[in-house]
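One-letter residues, chain by chain:
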Amino acid sequence: MSRKPSLLASALKTSEPETTVPVGKAPTEPKAAAVTAPREQRAEHQSGAYVPPSRANKTAKTHYLPPAYWDTLEEISFRTRDEKGKRVPQERLVAEALNLLFVKYNYPQVRDE
């Protein structure tokens, strides 16, 4: 019995045609375009993944805290509602908490866009 052809291998073969550059000639793609591209476009091209608009121009940080902190944050997010009656996301609660921390230590608050 013969094996089925690999779908991944066939997709990789057909995804991008190979381009050859003549010896002695450099590619004509300008390098300045990569420098002037907006941050979200550069990240999209580098990783090849879609970046949702809600995460554009934002970065993620990981903090290791005891589970009680995360449980309490989830509980507050679940029980707190905004003006429209929707649940307040944890990201917004953390941003609010950081602004309160900045005020405590006499740093300017960060304005949400």
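Small disclaimer: the values here were computed from a predicted structure and weren't measured. Numbering of residues starts from 1 in every chain and runs along the sequence as written. Given that the model is predicted, a residue must reach a pLDDT of at least 70 before its local features are reported, and side-chain atom pairs must reach 80 or more before they are shown or counted; all residues, however, enter totals for whole chains, interfaces and linings. The side-chain quantities take in all heavy atoms of the structure and omit both hydrogens and water.

**Student:** So what exactly am I meant to see when it comes to the overall build of the chain here?
**Tutor:** The secondary structure content of the chain amounts to five helices and zero strands. Think of it this way: any DSSP run of H or I at least four residues long counts as a helix, any run of E at least two long counts as a strand, and we number them from the N terminus. Listed N to C, the secondary structure of the chain is α-α-α-α-α in terms of helices and strands. Counting only carbon and sulfur atoms, one obtains 57% of the accessible surface of the chain, whose full area is about 11,500 Å². Accessibility throughout is a Shrake-Rupley quantity obtained with a 1.4 Å probe, and a residue counts as covered only by protein chains that appear here.

**Student:** Would you mind showing me how to read helix H5 (residues 90–104) here?
**Tutor:** Since the α-helix advances by 3.6 residues per turn, residues separated by three or four positions end up pointing in the same direction. In a regular helix each residue adds 1.5 Å, so 15 residues correspond to 21 Å; H5 covers 21 Å between its end C-alpha atoms and thus fits that length. Immediately downstream of H5, the backbone of asparagine 106 shows phi near 60°, a positive value. To estimate how far a helix should reach, multiply one less than its number of residues by 1.5 Å.

**Student:** Mind showing me how you'd approach the environment of serine 77 here?
**Tutor:** Following the sequence through the fold, serine 77 ends up in helix H4 (residues 67–79). Classification of serine 77 as buried rests on a relative accessible area of 1%. Put simply, serine 77 and arginine 87 are 10 residues apart on the chain and 6.4 Å apart in space, counted from C-alpha to C-alpha. Here, two residues are considered to be in contact whenever any of their heavy atoms come within 4.5 Å of each other. When near neighbours in sequence (up to four residues on either side) are disregarded, serine 77 contacts Arg87, Val88, Pro89, Gln90 and Leu93. Among the polar contacts made by the side chain of serine 77, one reaches the side chain of arginine 87 at a distance of 2.6 Å. Under this definition, polar contacts are N or O atom pairs within 3.5 Å; protein pairs additionally need one hydrogen-donor-capable and one acceptor-capable atom, and for neighbouring residues in sequence, both atoms have to be side-chain atoms. From its side chain, serine 77 meets the backbone oxygen of valine 88 in a polar contact 2.6 Å long. Remark: exposure states derive from per-residue accessible area (1.4 Å probe, protein chains only) relative to the maximum for the residue type, with buried under 20%, exposed over 50%, and partly exposed in between.

**Student:** Is there a simple way to explain the side chain of aspartate 82 in this structure?
**Tutor:** Here aspartate 82 lies in the loop between H4 and H5. Despite being buried, aspartate 82 has no salt bridge partner; arginine 92 is the closest side chain of opposite charge, sitting 4.3 Å away. A distance of 3.1 Å separates a polar atom in the side chain of aspartate 82 from the backbone nitrogen of lysine 84. Excluding its chain neighbours within four sequence positions, the residues that come into contact with aspartate 82 are Val88 and Arg92. Working convention for charge: Lys and Arg count positive, Asp and Glu count negative, and His plus the chain ends are omitted. By definition here, a salt bridge exists when the distance from a side-chain nitrogen of Lys or Arg to a carboxyl oxygen of Asp or Glu is within 4 Å.

**Student:** Can you walk me through the pattern of salt bridges in this structure?
**Tutor:** When charged atoms on two side chains of opposite charge get close, those side chains can pair. Scanning the model with the defined rule gives one salt bridge in all. Note that glutamate 75 is salt-bridged to arginine 79, the shortest N-O span being 2.3 Å. Of this pair, glutamate 75 and arginine 79 both sit in helix H4, separated by four residues, roughly a single helical turn. You can call glutamate 75 partly exposed: its relative accessible area is 37%. A residue is classified by how much of its surface remains accessible, and arginine 79, at 61% relative accessible area, is exposed.

**Student:** I'm lost on the packing of H4 against H5 in this one. Help?
**Tutor:** The relative placement of two packed helices is expressed as an angle between their axes plus a distance between the axes. Packing of H4 against H5 leaves a shortest axis separation of 9 Å and a crossing angle of 110°. Of the possible angle classes, the one that applies to H4 and H5 is roughly perpendicular. Where H4 crosses over H5, the handedness of that crossing is right-handed. Taking contact as the criterion, the partners of Leu73, Glu74, Ile76 and Ser77 in H4 are, on H5, Gln90, Leu93 and Val94. The classification used treats Ala, Val, Leu, Ile, Met, Phe, Trp, Tyr, Cys and Pro as nonpolar, Asp, Glu, Lys and Arg as charged, and all other residues, Gly among them, as polar. The residue inventory of the contact of H4 with H5, partitioned by class, reads four nonpolar, two polar and one charged. An axis is simply a line fitted to the C-alpha atoms; with a helix, the fit covers only the stretch in contact. Between two such axes, the angle follows the N-to-C directions and lies from 0 to 180 degrees. Each angle receives one of four descriptions, namely roughly parallel if under 35 degrees, roughly antiparallel if over 145, roughly perpendicular if within 65 to 115, and oblique otherwise. Here a crossing is taken to be left-handed if its near helix is turned anticlockwise relative to the far helix by less than a right angle, and right-handed if that turn runs clockwise.

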